[in-house]
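Descriptive structure summary
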Amino acid sequence: QVQLVESGGGLVQAGGSLRLSCAASIRTISAYAMGWFRQAPGKEREFVAAISWSGGSTYYEDSVKGRFTISRDNAKNTVYLQMNSLKPEDTAVYYCAASRRLQLDYTDYGEYAYWGQGTQVTVSS
């Protein structure tokens, strides 16, 4: 059973930064594509960023491009989301997800079979 545990969320002022981590209990995380999604109150879960199994390809939702960076350390079985220049509209619960599919729509949460419990990010204005 794959388990994903997010950490690093918290309360930050607008313009600040946070780094989220996702630790995976997988023998080798390198076999999985990884993604970050978020869900704000009253809204649907939305794609934020994703990274291919090798780390060679990354994908971002338009509103976070240039502010967020996804990366992975396969040796540590961990994926990161560095979030800079945070805005109040970034406030949400952030979820880490993993997919074993070799070809997938990285932006579609239905493509990911494994999910973490989420970590709250709150950006004050």
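Scroll up a little and you will see the structure.
The paragraphs below set out a description of the structure included in this document. (Residues numbered from 1 in each chain as written. Predicted model: local features only at pLDDT ≥ 70, side-chain atom pairs only at ≥ 80, totals over all residues. Heavy atoms only, no water.)

1. Here's the deal with the overall build of the protein chain
Of the regular secondary structure elements, the protein chain holds 0 helices and 11 strands. Across the protein chain, helices and strands are ordered from the amino to the carboxyl terminus as β-β-β-β-β-β-β-β-β-β-β. Here the C-alpha atoms of the protein chain give a radius of gyration of 13 Å, agreeing with the 14 Å that 2.2 N^0.38 yields for 125 residues. Its C-alpha atoms give the protein chain principal-axis dimensions of about 40 × 25 × 25 Å. Within the span of the protein chain, comprising 125 residues, buried residues form 44% of the whole. Here the protein chain displays about 6,500 Å² of accessible surface, and carbon together with sulfur accounts for 45% of that area. In the protein chain, 12 positive and 11 negative side-chain charges are present, and the distance between their average locations comes to 7 Å. (Helix = DSSP H or I, 4+ residues; strand = E, 2+ residues; numbered from the N terminus. Rg over C-alpha atoms; globule rule 2.2 N^0.38 Å. Buried < 20%, exposed > 50% of the residue type's maximum accessible area, 1.4 Å probe, protein only. Areas by Shrake-Rupley, 256 points an atom, 1.4 Å probe, with all protein chains shown as cover. Lys, Arg positive; Asp, Glu negative; His and termini not counted. Charge placed at Lys NZ, Arg CZ, Asp CG, Glu CD.)

2. With respect to the side chain of Thr78
As for its placement among the helices and strands, Thr78 is situated in strand β8 (residues 78–83). Excluding residues within four positions of it along the chain, Thr78 makes contact with Ser21, Cys22, Ala23, Ile29, Arg72 and Asp73. (Contact = heavy atoms within 4.5 Å.)

3. Looking at the nonpolar core
The nonpolar side chains of soluble globular proteins are, as a tendency, buried together. With 29 residues, the main nonpolar core has Met34, Trp36, Leu81, Met83 and Tyr94 as its most contacted residues. Elements with a contribution of two residues or more to this core: β3 (18–24), β4 (33–39), β5 (46–51), β7 (68–73), β8, β9 (92–99) and β11 (119–124). Ignoring anything within four residues of it in the chain, the contact list for Leu81 reads Leu18, Arg19, Leu20, Trp36, Val48, Ala49, Phe68, Thr69, Ile70 and Tyr94. Counting residues in each nonpolar core, the second largest holds 8 residues, with Phe37, Leu104, Tyr106 and Tyr112 among its members. (Core = buried A, V, L, I, M, F, W, Y, C linked by side-chain atoms within 4.5 Å.)

4. Description of the sheet that holds strand β1 (residues 4–7)
Reading across from one edge, β1-β3-β8-β7 is the order of the 4 strands in this open sheet, with antiparallel pairing throughout. A strand with exactly one partner marks an edge of an open sheet, and here the two such strands are β1 and β7. When strand polarity is set aside, the average angle formed by the axes of neighbouring strands in this sheet is 15°. Across 4 bridges, the pairing between β1 and β3 is antiparallel. Of the residues in β3, the one forming a bridge with Leu4 is Ala24. (Pairing = 2+ DSSP bridges. Axes fitted to C-alpha atoms, helices over the stretch in contact; angles between N-to-C directions.)

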